[in-house]
Amino acid sequence: MMKKYLQIVTRTLVLTIGLCACTLMHAQVAGVVLDDKGEVLIGANVYWAGTTQGVATDLDGNFTLMPIRGDKTNILVTSYVGYHNDSTVVTNREPLTIVLVNEAVLDEVTITERKMGVIKSRTSAFDTQTIGTEELCRAACCNLSEAFETNASVDVAYADAATGAKQIRLLGLSGTYVQLLQENTPAVRGLAQSFGLEYIPGSWMSAIQVSKGTSSVINGYEATTGQINVDLLKPQTQNPLSVNLMVNSELMTEANIMGGWKIPLADHDEDEAEHEHHHEHGEHCHHQSLYTGILAHYGQNFLTMDDNHDSFVDMPKTQNANLANRWVYKHGDYTFQAFLRGLYDRRRGGQLPTKHSASIANPYLIDLNTWRVEGFLKNGYVYDDESGSSVALVTAVSYHDQNNRYGKREWLASQLNAYLNGIWQRNWEGSGLIDNDHRLSAGVSVNFDKYNERLSSMYAGNGPFPANLYLGPVYLDRYEVTPGVFAEYSYKYSETLSLVTGVRADYSTRYGFFFTPRANVRYSPFDWWTLRASAGMGYRSPNVLADNAFVLSSNRAIHLPYDVKQERAVNTGLSTTFYVPLISDHSPLSISFEYYYTHFLNSLIVDMDYDPHAVFICNQTDIDGAKSFAHCAQVEATMEVLRGWTWTLAFRYTDVEQTTYDAAKGDYALRPKALTNRFKGIITTSYQTPLKKWQFDVTAQFNGISRMPDGFVAYGDMLGGYGTPKPITWYPQLMAQVTKYFRTCSLYLGAENMTNFRQDSPIIGADNPYGFDFDASMVCAPITGWKVYLGFRYDLEKKE
């Protein structure tokens, strides 16, 4: 059997090695649209003059456009809200760089148009939001986990009260069901689930794309509730030097240094006449360029705090060093990228020695150490400009090693991941005078995971020891190879209809064959109204400990399933958006309504209700009649009410239920999932002065109640305890920031959790951490109070 698996993998690799790419697909005319500061413009309209044939620029500001039939015109018009239109005469196939100039100029004083921080595409079939740097700079945004404070769709909260780990939620479900990518390669998955959000510094990010519901099959089968892709700064567009420094009231300090440079090549300049000659005759040009960029980050906090006086530090001391290097080489229609990153992360927390502590001779300590290295290679070649045909090969490798200690319990683990994705794409136009575009993508992929895990004990207390429980150590070594093939078809009819359908067929050495069908459609009967619908499957291989690492910060006895099965779910969604021109056509009121339903065919159920001193993890299919599902409904309104002054109001309601033990009934029953908020409301506003001298940001959040596991009650003192369940009521949070802009730098001052709301007793049995009751996993609200931060940003602008 092993020989058969190796043959399958070998044949797949050999078949795929011939493919290359991950580059922009070029049609007859291609280019990039920038503003007058050199920043890309996302969603700019590019069309042939006097026709309806056009496209919108993508997330990198790029566009590709087929030539107009009959040579009716060679004038390309580019438009973007707040900028002067540009008309470009196209005489050859040379890639275009179109620069749009701000339209508001009065008495030699430029009135800077406000860029939208969050952009929702009107033309994409996917329900996708793009969070740009304008939005990321509205808060401290030290890392990816803090990038969603002003976003209504994504929640980020502390997973436990001992380690500082954060967990993400989308459509009401845990981040384990979200496919988290970095540059469309695997990022936060497997062992990185616990702290991976904090491994991507905020200053490194150029944009974040949040796609709800089913996503493209090109990137894999793991997106159940959605996909989050992080784009990092690229050396082609980076400034030669950028610096971001930050310190907060808890003496958490961060320093980020970034830079991108073009490397001179001895023969990089082609004669201009020769360059034009190649394009006019449909020949491949040989112009080449080389860029490199550095991303560096260091963060450390120096202050030990225990504001609730429970003898445990509120947040562990952290030390994080992160360094990355990227190279980009372009030679005609060929593009190559290489990226390498290494990081070290250490967290030290736990119990402070006090005279009231029962374990003063042997304090409960948290010591988490992580070493990680990762990289990817992207090769690309456009072999037919006329049809827009290209091939692509993306390869990525990561190695994650951790040594974690939670009191007496030790978790040693490592993960090796290798990923390969080969893609072929082709564009063509249909018949007729109306814009009628088709695209077909197909390819093969291989994913390899090898885990080595050792948990020293399934129970970390001094006793009494739970009956019928193997105490450990437990070894969870495993590997999985998953080759697959996929195909995706995209259709666009004018600006009215967009359709994307795709299917994958994969084979897992652990779970066998499985299929992933997905479909997304957008229909816009009018310019002011857009409808979207999606449906599809999502799969994932559970990682029992990594997915539930918060339980390790407790003395709950851990009961694992004998056979962990693959998680499978169906996700469907409907959304509609209205664009109402209340004040002007350029800044309409955007109102969106959406509903998503996720139905699990099998999920990993984490039952904390059966016994307040244990956690039972089992397959949904192991319980007769068990169910698991999530409903999520959201309404959101956004508008620029005055020049430079934007408002967003949103409300989301979630109903997440699964079958767990119900002590009142003495049997298993369908119940609201514990520690999951029912609703979230958000009001966020931002004002930027006309000359962009100042910016003021305020965000208020209203978070709903969550059910606590059976047997839990918060006493409101340092001990906490167990008894009659008591729900946690809703709570508010308030954040604000003021930014002062200068020509090449800016200063920002802000505050978080200004309401100072926090959970009174996030750690149960803190006075006796080796006792039967100790539990730091019962977190349902903020665990730290208000904090103030001060930061400085500097950019050395590129020379023209």
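Scoring rules and cut-offs
Residues numbered from 1 in each chain as written. Predicted model: local features only at pLDDT ≥ 70, side-chain atom pairs only at ≥ 80, totals over all residues. Heavy atoms only, no water. Buried < 20%, exposed > 50% of the residue type's maximum accessible area, 1.4 Å probe, protein only. Helix = DSSP H or I, 4+ residues; strand = E, 2+ residues; numbered from the N terminus. Pairing = 2+ DSSP bridges. Patch = residues over 30% accessible without salt bridge, like charges linked within 9 Å, V, L, I, M, F, W, Y side chains within 5 Å. Areas by Shrake-Rupley, 256 points an atom, 1.4 Å probe, with all protein chains shown as cover. Salt bridge = Lys/Arg side-chain N within 4 Å of Asp/Glu carboxyl O. Phe/Tyr/Trp six-rings, centres within 6.5 Å; stacked < 30°, edge-to-face > 60°. Lys NZ or Arg CZ within 6 Å of the ring centre and 35° of its normal. Contact = heavy atoms within 4.5 Å. Polar contact = N/O pair within 3.5 Å; in protein donor to acceptor, adjacent residues only side chain to side chain.

(A) Examining the pairing of strand β18 (residues 226–232) more closely. Most of β18 sits inside the fold, with seven of its seven residues counted as buried. Summarising the sheet, strand β15 (residues 178–182) and β18 pair through five bridges and their orientation is parallel. Within β18, the position partnered with L180 by the bridge is I228. The sheet contact formed by strand β17 (residues 205–212) and β18 spans seven bridges and is antiparallel. Bridging across to β18, M205 finds its partner in L232.

(B) View of a nonpolar patch on the surface. A cluster of nonpolar side chains, namely V247, L251, F302, L303, L749 and L790, defines an oily patch on the protein surface of about 500 Å² accessible area. Looking at where L749 falls in the secondary structure, it is placed in strand β46 (residues 745–752).

(C) Main features of the sheet that holds strand β10 (residues 118–120). With respect to topology, six strands assemble into an open sheet ordered β10-β11-β17-β18-β15-β16, the strand pairing being mixed. One side of each edge strand has no neighbouring strand; the edge strands of this open sheet are β10 and β16 (185–186).

(D) The arrangement of the packing of aromatic side chains in detail. Under the counting rule described, the total for this entry stands at 24 aromatic pairs. Taking 5.0 Å as the distance between ring centres and 10 degrees as the angle between the ring planes, the aromatic pair formed by F339 and F376 counts as stacked. Of this pair, F339 sits in strand β23 (residues 334–350) while F376 sits in strand β24 (residues 365–384), and the two are 37 residues apart along the sequence. Taking 5.8 Å as the distance between ring centres and 10 degrees as the angle between the ring planes, the aromatic pair formed by W529 and F578 counts as stacked. Highlighted residues: W529 in strand β32 (residues 529–540) and F578 in strand β34 (residues 567–580), separated in sequence by 49 residues. By relative accessible area, W529 is classed as partly exposed at 23%. Here the aromatic cluster, defined as three or more aromatic residues joined through ring pairs, consists of F312, Y364, Y770 and F774. In this arrangement the basic side chain of K408 is found over the ring face of Y770, its NZ or CZ atom lying 5.0 Å from the centre.

(E) Spotlight on the pairing of strand β40 (residues 667–672). In this structure, strand β39 (residues 645–662) lies alongside β40, joined through six bridges in antiparallel fashion. Paired with Y661 across the bridge in β40 is Y668. Counting the residues in the hairpin turn of β39 and β40 gives four residues, including G666, whose phi is positive at 70 degrees.

(F) Geometry of the side chain of S575. Assignment of secondary structure puts S575 in strand β34. Once you skip the residues sitting within four places of it in the chain, S575 turns out to touch D127, T530, L531, R532, F593 and E594.

(G) Fine view of the side chain of D449. Counting through the fold element by element, D449 comes out in strand β27 (residues 436–455). At 2.9 Å, the side chain of D449 and the side chain of N447 are in polar contact. Ignoring sequence-local partners within four residues, the contact set of D449 consists of R189, Q415, L416, N417, R478, Y479 and E480.

(H) Expanded view of the environment of A700. Among the secondary structure elements, A700 is positioned in strand β42 (residues 694–703). A700 gets classed as buried once you look at its relative accessible area, which sits at 15%. Along the backbone, A700 and T150 are 550 residues apart, and their C-alpha atoms lie at a distance of 8.6 Å. Other than its neighbours up to four places away in sequence, A700 contacts G681, I682, I683, Q733 and L734.

(I) Spotlight on the pattern of salt bridges. Scanning all chains against the criterion turns up 34 salt bridges. Residue D506 is joined to R504 by a salt bridge in which the shortest nitrogen-to-oxygen separation is 2.9 Å. For the residue pair D506 and R504, the accessibility class agrees, reading buried in each case. E567 is the partner of R540 in a salt bridge, and the nearest nitrogen-oxygen pair spans 2.7 Å.

Note that all results are geometric; they support no functional claim without further evidence.
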